Amino acid sequence: MVVGERPVVEEPRLVVRRRSSGSWSRRGLLLFFLPALATVLTGLATLAVSGNLLLPFDSVVVLEGKMASKRDFFEDEEVQRILLKHRVKVHITSSGSREVALRDLASFDFVFPSGQPAGDLITGVRAGAGQYAKVHRPFVSPIVLATYREYAETLHDAGIAGPLPAEGGNQPLYYSLDMQKFLDHIDRGQRWNDLGIRRHGISNANRIVAQSPDVCSSNSAGTYLAPRRASTR
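A brief report on the enclosed structure follows. Keep in mind the model is a prediction, meaning the values are calculated, not measured. (Residues numbered from 1 in each chain as written. Predicted model: local features only at pLDDT ≥ 70, side-chain atom pairs only at ≥ 80, totals over all residues. Heavy atoms only, no water.)

Once that is clear, we can look at the overall build of the chain. Along its length, the chain carries eight helices and nine strands. The burial tally for the chain puts 23% of its 233 residues in the buried class. For the chain, restricting intrachain contacts to residue pairs at least 6 apart in sequence, the fraction spanning at least 24 positions comes to 59%. Accessible surface for the chain amounts to roughly 17500 Å². Of this, 56% is attributable to carbon and sulfur atoms. (Helix = DSSP H or I, 4+ residues; strand = E, 2+ residues; numbered from the N terminus. Buried < 20%, exposed > 50% of the residue type's maximum accessible area, 1.4 Å probe, protein only. Contact = heavy atoms within 4.5 Å. Areas by Shrake-Rupley, 256 points an atom, 1.4 Å probe, with all protein chains shown as cover.)

Pasting the structure below:
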């Protein structure tokens, strides 16, 4: 604007901006990042307590295995956790024991058949072909004899079995069986009535016997040497 011959300069105006209410304000940033930070810290604390703090940075060995019923063991969450703690992960291909023994196993790191006959077939075929055929036995299963409570109590009375502790003061569900004493009574041809089973409301004149597969062929007799138990139902 010009007044006469002299230009007139307007006075500068001070503009006051309102505080931004957008989502990326300081308070908004804190509200966004604090939960994420808390999650990260909680995860680090959990890994530190469990001894797995460096696990995400370690390499994990993945083993390819082919097996039948034993896959239930490797699919257990606790077993998977323990294996992962040692940086091992097992990938399972399910198959029947006979199929495991007859199929090509070149793409697998290990096989885990359910029975000894299938295992013998696998090692025999691989050994004959000059391939690696070493057998590892990581564990054996205990022999469990399922029976009724009256029979377990009769074995207890005869000093052949002893009850294992039960929770909450309930009746025991498992009894530890003295296999040698049990076999001695079988060898002598004794019958259940001879052990006094009538005291438990049952009369049984049959000989004492336990039905089971041939332990010498089903698992290379490994189960025979494992702890024995009698369970009641």
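Next comes the rest of the description.
Looking now at the packing of aromatic side chains. In this structure the tally under the stated criterion is four aromatic pairs. Considering the side-chain rings of Phe73 and Phe74, the 5.3 Å spacing of their centres and the 90 degrees angle between planes classify their relative orientation as edge-to-face. According to the relative accessible area criterion, Phe74 is buried, its value standing at 12%. Pairing Tyr151 with Trp192 gives two aromatic rings, centres 4.8 Å apart and planes at 90 degrees, and the pair type is edge-to-face. (Phe/Tyr/Trp six-rings, centres within 6.5 Å; stacked < 30°, edge-to-face > 60°.)

So, about the sheet that holds strand S3 (residues 61-67). Read from one edge to the other, the open sheet built from three strands follows the order S4-S3-S5, with strand pairing classed as parallel. Here the strands that pair on one side only, and so sit at the sheet edges, are strand S4 (88-94) and strand S5 (110-112). Going from strand to strand, the sheet's axes swing by 35 degrees on average, the running direction of each strand aside. Pairing of S3 with S4, which is carried by seven bridges, proceeds in the parallel orientation. Bridge assignment links Val61 to a residue of S4, and that residue is Val88. (Pairing = 2+ DSSP bridges. Axes fitted to C-alpha atoms, helices over the stretch in contact; angles between N-to-C directions.)

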